Amino acid sequence: MFEIFMAIGWAVLLMLLLLIWADIRNIASAVKENKRELLRSTFGGRNARNFKSFQEENDWKTDEQEENETLQLEQKQKARISSLNESEEQVLREVLTEFLG
């Protein structure tokens, strides 16, 4: 009977140690993030809000690539829009006035 309680005690102790270890890891990550925020705030006044954290660096690179792609698409669309001839613009205006009233 004593051996059963001792095994249960060891299991409970092991579970408590695992929970404490997980809490310590969470606290360590929170402290690391706070340090990053402090570093971010010391870099500059207005630019501090726009500065990406070190953890988001990979996402930051992909975001820049996506922004570049969207800018290129917008430029292509603007080029297509501005490449209308006068006669095409006239037809477009007539169609729009016909449908919009």
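Residues numbered from 1 in each chain as written. Predicted model: local features only at pLDDT ≥ 70, side-chain atom pairs only at ≥ 80, totals over all residues. Heavy atoms only, no water.

Remarks on the overall build of the chain
In plain terms, the rule: Labels follow the DSSP assignment, with helices taken as runs of H or I lasting at least four residues and strands as runs of E lasting at least two, numbered in each case from the N terminus. Only protein chains enter the area calculation, which uses a 1.4 Å probe; residues under 20% of their type maximum are buried, those over 50% are exposed, and those in between are partly exposed. Where accessible areas are quoted, they stem from the Shrake-Rupley method and a 1.4 Å probe; at the residue level, only the protein chains shown are allowed to cover.
For the chain, the count of helices and strands is 3 helices and 0 strands. In the chain, which comprises 101 residues, the proportion classed as buried is 3%. As displayed, the chain has an accessible area near 9,700 Å², and 60% of this comes from carbon and sulfur atoms.

Some details on the pattern of salt bridges
Applied cut-off: Only one rule defines a salt bridge in this text: a Lys or Arg side-chain nitrogen within 4 Å of an Asp or Glu carboxyl oxygen.
Under the counting rule described, the total for this entry stands at 2 salt bridges. The salt bridge involving Arg40 is made with Glu37; its shortest N-O contact spans 3.2 Å. Of the two residues, Arg40 and Glu37 both sit in helix α1 (residues 2-43), 3 residues apart, roughly one turn of that helix. Residue Glu37 is classed as partly exposed on the basis of its relative accessible area, which comes to 33%. Where Glu89 meets Arg93, a salt bridge forms, and the shortest distance between an N and an O atom there is 3.4 Å. Here Arg93 and Glu89 lie together in helix α3 (residues 86-100), a separation of 4 residues that amounts to about one turn.

Here's the deal with the confidence of the model for the chain
Reading predicted coordinates in detail is not appropriate for stretches of low pLDDT. To be explicit about the condition: Confidence of the predictor at the level of single residues is captured by pLDDT, which takes values from 0 to 100.
On average, residues of the chain carry a pLDDT of 80, and 75% of them reach 70 or more. Considering each helix and strand of the chain separately, the mean pLDDT is smallest for helix α2 (residues 57-82), with a value of 73, and largest for α1, with 91.

Some details on the packing of aromatic side chains
Note the threshold: Pairing of aromatic rings covers Phe, Tyr and the six-membered ring of Trp, with a centre-to-centre limit of 6.5 Å; geometry is then stacked below 30 degrees between planes, edge-to-face above 60, and tilted otherwise. We call a charge positioned above a ring when the Lys NZ or Arg CZ atom is no farther than 6 Å from the ring centre and deviates by at most 35 degrees from the ring normal.
Per the stated rule, a full pass over the model turns up 0 aromatic pairs. When the ring centre of Trp21 is taken as origin, the NZ or CZ atom of Arg25, which lies over that ring, is 5.3 Å away.

So, a negative patch on the surface
Stated formally: In this analysis, a patch consists of residues with relative accessible area above 30% that form no salt bridge, clustered at 9 Å for like charges and at 5 Å for the nonpolar side chains Val, Leu, Ile, Met, Phe, Trp and Tyr. Only four residue types enter the tally: Lys and Arg on the positive side, Asp and Glu on the negative side, with His and both chain ends excluded. A single reference atom marks each charge: NZ on Lys, CZ on Arg, CG on Asp, CD on Glu.
A cluster of acidic residues, Glu64, Glu66, Glu67 and Glu69, forms a negative patch on the protein surface. Along the chain, Glu64 falls in helix α2.

Observations concerning α3
Put simply, the rule reads: Expected helix span is taken as 1.5 Å per residue step, with the number of steps being one fewer than the number of residues.
Its 15 residues give α3 an end-to-end C-alpha distance of 21 Å, which sits within 8% of 21 Å, the value for a rise of 1.5 Å per residue. Of the residues trailing α3, Gly101 is marked for its positive phi of about 95 degrees.

What to know about the environment of Thr97
Worth spelling out the cut-off: Any N or O atom pair separated by 3.5 Å or less is treated as a polar contact, with the protein-specific requirement of one donor-capable and one acceptor-capable atom, and with residues adjacent in sequence counted only for side-chain atom pairs.
With respect to the helices and strands, Thr97 occurs in helix α3. A polar side-chain atom of Thr97 sits 2.8 Å from the main-chain carbonyl oxygen of Glu94.

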